[in-house]
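Take a look at the letters that make up each chain.
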Amino acid sequence: MTSSSPAARYTSVAIALHWAMALLILFMIWLGWNMDDNEVRYQLHKSVGITLLFLTVVRIAWRLLNPPPPEPATLKSWEQKLSHAVHIAFYALMVIIPLAGWLLVSISPFQISTVLFGAVDWPHLPFTSGLRQGNELLHGIVENVHSKGAWVIIVLLGLHVAGAVKHEFGGEEGVIKRMIPGLFGKTSPPSPPARGAVIAFGSSLVLFALIAAVPLIGSAGAGPGPMQSSVAAGPAGNWSVDYAASDISFSGVYDGKPFGGKFENWSAEVSFFPEDLAASSVSVSVETGSVTTGTKLYDSTLREAEWFNTGAFPEAQVELSNFEQTGEDTYTATATMTLKGKETSVPLDFQLTINGDQAMLNGKAVFSRKALDLGQVSDASGSWVSDEITVTVSGAATRTG
């Protein structure tokens, strides 16, 4: 592709990118100063940062395919060099700062998931899992690059605006009108025809899609859907669970507010004899990756290594034993959960109503996050997420033998 000669005005796409990115950068700086202890703003900060990174890819490609207009002839040599240096520094920082933020999140021991605009799971940078513990020096360096880079951006913005205003209202040929949208710059020359839109935007979108597909590829082998898993597991013992009418859910407190979720994919083998409780047993297998809370960020975070670590431990096992009757239709049992190689036992109190060969059950048990090594890096004290998590079971079953 042959390059065209520089025009007297930027293309309309370059103008749109310039002003959109300028507003996003200012918004990002404000977010960086006002997102402490605010989950929504923190996620938005990461979302806008990744957006700016890929818009920078578009802008660099667009600049190469559509040469900018030449500097005004009235500019002194040192002014041209300074202007060029400021532009180069801008482009460099618009790549370095988002990448540093991405790296900072990737090596953080807290491993908080990134969900772009609450919709798209964004992976951590590869090969960073070994850098999450005991690397305070690296973490400090990257954090300084990210935070101090924002101050450099502010200084460059000041130089950029000051130079543009000086040349617009001084004796030199103005430059601002070349970057004002047509609606506000009717006295300026028309924008030149643009070229390479497919290359500039397409390459950025393809790169974004490839990276965003990584979490999807990783979860592709997580297993079948909930009904498939339940049917595949098949009934065992003397009761067949009606999975469509049964649930395993959990609840707790997050940031002073109640939260909860459930597991979509699980199976149970039930041998229960009201007249012979000593011979009764229940074995439950839960696919931890099937967790759903109604909020994508929480779902993604719960699958991380600090929480369920679904990549290494795709299932949790619960065994019920030591059944005792405590009243009419009320029972207690010992629930032993094995999760991430950790085992803990707690009482499970439940109500069981049997009518012929049909049974209805409702019960609950309270587990400790600490005992199961859940969230012990970022919130061992339970200041954000309560240590006590209530697991509730409800459902229906049919006697088979």
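Residues numbered from 1 in each chain as written. Predicted model: local features only at pLDDT ≥ 70, side-chain atom pairs only at ≥ 80, totals over all residues. Heavy atoms only, no water.

(A) A look at the environment of Leu82. Counting through the fold element by element, Leu82 comes out in helix α3 (residues 77-107). Considering only alpha carbons, one finds Leu82 and Gly163, 81 residues apart in sequence, at a separation of 9.6 Å. (Helix = DSSP H or I, 4+ residues; strand = E, 2+ residues; numbered from the N terminus.)

(B) Quick peek at the nonpolar core. In terms of nonpolar packing, the biggest core is built from 40 residues, with Trp266, Phe272, Val284, Phe323, Phe350 and Phe367 touching the most fellow members. Elements supplying a minimum of two residues to this core: β3 (239-254), β5 (266-271), β6 (281-287), β8 (315-327), β9 (330-339), β10 (342-355), β11 (358-368) and β12 (388-399). Not counting chain neighbours up to four residues away, the residues in contact with Phe367 comprise Ala335, Met337, Thr344, Val346, Leu372, Asp387, Glu388, Ile389 and Val391. Core analysis: the next-biggest nonpolar cluster, separate from the first, contains 14 residues, Val86, Phe90, Tyr91 and Ile153 among them. (Core = buried A, V, L, I, M, F, W, Y, C linked by side-chain atoms within 4.5 Å. Buried < 20%, exposed > 50% of the residue type's maximum accessible area, 1.4 Å probe, protein only. Contact = heavy atoms within 4.5 Å.)

(C) How the structure looks around the packing of aromatic side chains. Considering all chains together, one arrives at 17 aromatic pairs under this definition. Each ring, one from Phe250 and one from Phe259, has its centre 6.4 Å from the other, and the planes form 65°; the classification is edge-to-face. When its relative accessible area of 21% is taken as the criterion, Phe259 is described as partly exposed. Clustering of aromatic rings is evident, with ring pairs tying together Phe54, Trp102, Trp122 and Phe208. (Phe/Tyr/Trp six-rings, centres within 6.5 Å; stacked < 30°, edge-to-face > 60°.)

(D) Just the pairing of β8, in detail. Both β6 and β8 contribute to a ladder of six bridges, which runs antiparallel. Counted as the bridge partner of Val284 is Val318 from β8. The pairing of β8 with β9 spans eight bridges and is antiparallel. For Glu324, the partnering residue across the bridge sits in β9 and is Thr332. Linking β8 to β9, which pair antiparallel, is a turn of two residues; within it Asp329 sits at a positive phi near 65°. (Pairing = 2+ DSSP bridges.)

(E) Helix α2 (residues 39-65), seen in detail. Under the 1.5 Å per step criterion, the end-to-end length of α2 is 39 Å for 27 residues, consistent within 8% with the ideal 39 Å. Residue Asn38 occupies the N-cap position of α2, its side-chain oxygen lying 3.3 Å from the main-chain nitrogen of Val40. (Expected span 1.5 Å × (residues − 1). Polar contact = N/O pair within 3.5 Å; in protein donor to acceptor, adjacent residues only side chain to side chain.)

(F) Broad picture of the sheet that holds β3. With antiparallel pairing, the 10 strands of this open sheet are ordered in space as β5-β6-β8-β9-β10-β11-β12-β3-β4-β7. Bordering the open sheet on either side are β5 and β7 (291-292), each of which pairs with just one other strand.

(G) Geometry of the pattern of salt bridges. This structure, assessed with the given rule, holds four salt bridges. In this structure, Asp247 engages Lys262 in a salt bridge whose closest nitrogen and oxygen atoms are separated by 3.9 Å. With Asp247 in strand β3 and Lys262 in strand β4 (residues 257-263), this pair connects stretches of sequence that are 15 residues apart. In this structure Asp247 comes out as partly exposed when scored by relative accessible area, which is 32%. One salt bridge connects Arg399 with Asp357, and the closest N-O pair in it is separated by 3.0 Å. Of this pair, Arg399 sits in strand β12 while Asp357 sits in the loop between β10 and β11, placing them 42 residues apart in sequence. For Arg399, a relative accessible area of 27% corresponds to the partly exposed category. For Asp357, a relative accessible area of 42% gives the class partly exposed. (Salt bridge = Lys/Arg side-chain N within 4 Å of Asp/Glu carboxyl O.)

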